[in-house]
Amino acid sequence: QDSIMYTKGASNLKYYDGYIYFLDGDTIYKMPETGWTKDSTQTVVSKDADVFVIDNGVIYYREKLLINVNLSKINVDGTNKVVLISKTYDPIDIIVDGDYVYFYSLTETSAAKTGLYKIKKDGITKEMLVNSPLASSKKSTIKDLVAIAVPTAMSSVVLNITNLIDSMMIQN
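Here's a quick rundown of the structure. (Residues numbered from 1 in each chain as written. Predicted model: local features only at pLDDT ≥ 70, side-chain atom pairs only at ≥ 80, totals over all residues. Heavy atoms only, no water.)

**Section: the overall build of the chain**
Here comes step 1: Summing up its helical and strand segments, the chain has two helices and eleven strands in all.
Here comes step 2: From first element to last, N terminus to C terminus, the chain shows the α and β order β-β-β-β-β-β-β-β-β-β-β-α-α.
Here comes step 3: Expressed as a percentage of its 172 residues, the buried residues of the chain come to 30%.
Here comes step 4: Look at the contacts in the chain between residues 6 or more apart in sequence, and 27% of them connect residues 24 or more apart.
Here comes step 5: Looking at the chain as shown, the accessible area adds up to about 12,000 Å², and 57% of this sits on carbon and sulfur atoms. (Helix = DSSP H or I, 4+ residues; strand = E, 2+ residues; numbered from the N terminus. Buried < 20%, exposed > 50% of the residue type's maximum accessible area, 1.4 Å probe, protein only. Contact = heavy atoms within 4.5 Å. Areas by Shrake-Rupley, 256 points an atom, 1.4 Å probe, with all protein chains shown as cover.)

**Structural notes on the sheet that holds strand β3 (residues 27-32)**
Here comes step 1: In spatial order, the strands read β1-β2-β3-β4; together these four strands make up an open sheet with antiparallel pairing. Where the open sheet ends on each side, the last strands, each with one partner, are β1 (11-16) and β4 (42-45). Direction aside, the axes of adjacent strands within the sheet are offset by 30° on average.
Here comes step 2: The pairing of β3 with β4 spans three bridges and is antiparallel. Along β4, the bridge assignment pairs Lys30 with Gln42. (Pairing = 2+ DSSP bridges. Axes fitted to C-alpha atoms, helices over the stretch in contact; angles between N-to-C directions.)

**Looking at the packing of aromatic side chains**
Here comes step 1: In this structure the tally under the stated criterion is four aromatic pairs.
Here comes step 2: Relative to Tyr21, the ring of Tyr19 has its centre 6.4 Å away and its plane inclined at 55°; by these criteria the two rings are tilted.
Here comes step 3: Judged by its relative accessible area of 26%, Tyr19 is partly exposed.
Here comes step 4: Relative accessible area serves as the criterion here: at 1%, Tyr21 is assigned to the buried category.
Here comes step 5: A cation over a ring is seen here: Lys30 above Tyr19, with NZ or CZ 4.5 Å from the ring centre. (Phe/Tyr/Trp six-rings, centres within 6.5 Å; stacked < 30°, edge-to-face > 60°. Lys NZ or Arg CZ within 6 Å of the ring centre and 35° of its normal.)

**Remarks on the sheet that holds strand β5 (residues 49-55)**
Here comes step 1: Strand order across the open sheet formed by four strands is β5-β6-β7-β8, with antiparallel pairing between neighbours. Across the chains shown, the open sheet's two edge strands, defined by having one partner strand only, are β5 and β8 (82-85). If you compare each strand with its neighbour and ignore which way they point, the axes differ by 30° on average.

**Here we look at the environment of Phe52**
Here comes step 1: Position of Phe52 among the secondary structure elements: in strand β5.
Here comes step 2: The buried category is assigned to Phe52, whose relative accessible area is 1%.
Here comes step 3: Taking C-alpha positions, Phe52 is 8.9 Å from Lys14, a pair spaced 38 residues apart along the chain.

**Looking at unusual backbone geometry**
Here comes step 1: For Asp17, which is not glycine, the phi torsion reads 50° and is therefore positive.
Here comes step 2: Relative to the assigned elements, Asp17 resides in the loop between β1 and β2 (19-24).
Here comes step 3: Judged by relative accessible area, Asp17 falls into the exposed class, the value being 62%.
Here comes step 4: Phi is positive for Asp48, which is not a glycine, with a value near 70°.
Here comes step 5: Within the element layout of this structure, Asp48 appears in the loop between β4 and β5.

**Looking at a nonpolar patch on the surface**
Here comes step 1: A cluster of nonpolar side chains, namely Ile92, Tyr104, Leu106 and Leu116, defines an oily patch on the protein surface of about 370 Å² accessible area.
Here comes step 2: Relative to the helices and strands, Tyr104 is located in strand β10 (residues 100-105). (Patch = residues over 30% accessible without salt bridge, like charges linked within 9 Å, V, L, I, M, F, W, Y side chains within 5 Å. Salt bridge = Lys/Arg side-chain N within 4 Å of Asp/Glu carboxyl O.)

**Some thoughts on the nonpolar core**
Here comes step 1: By size, the foremost hydrophobic cluster in this structure holds 13 residues, and its most contacted members are Tyr60, Leu71, Ile94 and Val101.
Here comes step 2: Breaking this core down by element, the ones donating at least two residues are β5, β6 (58-64), β8, β9 (91-97) and β10.
Here comes step 3: Counting residues in each nonpolar core, the second largest holds twelve residues, with Ile28, Val45, Ile74 and Val76 among its members. (Core = buried A, V, L, I, M, F, W, Y, C linked by side-chain atoms within 4.5 Å.)

Structure follows, in structure tokens:
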């Protein structure tokens, strides 16, 4: 028998793990496939979404903010939001396969950023790796550890000697 589950606008319908996910305006909602009531619709992303896909309990979506457009991810329960790509990209289409998120970026301000891209699901891009600071040398790391550990150990020894003297004075 036909049933009306939702009477407002719904687009970009997805099914995952017993729930139907959809967009209404710029909000991602979910509702149980069975046992739903008029009030069973839950908000997953409260605003600024307009395209999304679901993979392994994570929603990857285009977050269209006032100035920037992000490719973000969030768990299907609405927790752990992470921005994967921001600012100069405009991910208008998204797919996920294995360890990668693929997206097509169409930008009007920077033709260099228009194209098909592939990024790791953790959001670390080649550009981030290239621009990240170099790790400290082994010698420098050991020097830093000693600079922290020696004063800490010395203060611990002094405190223990003080406690020992106090104990001996109380016993006498």
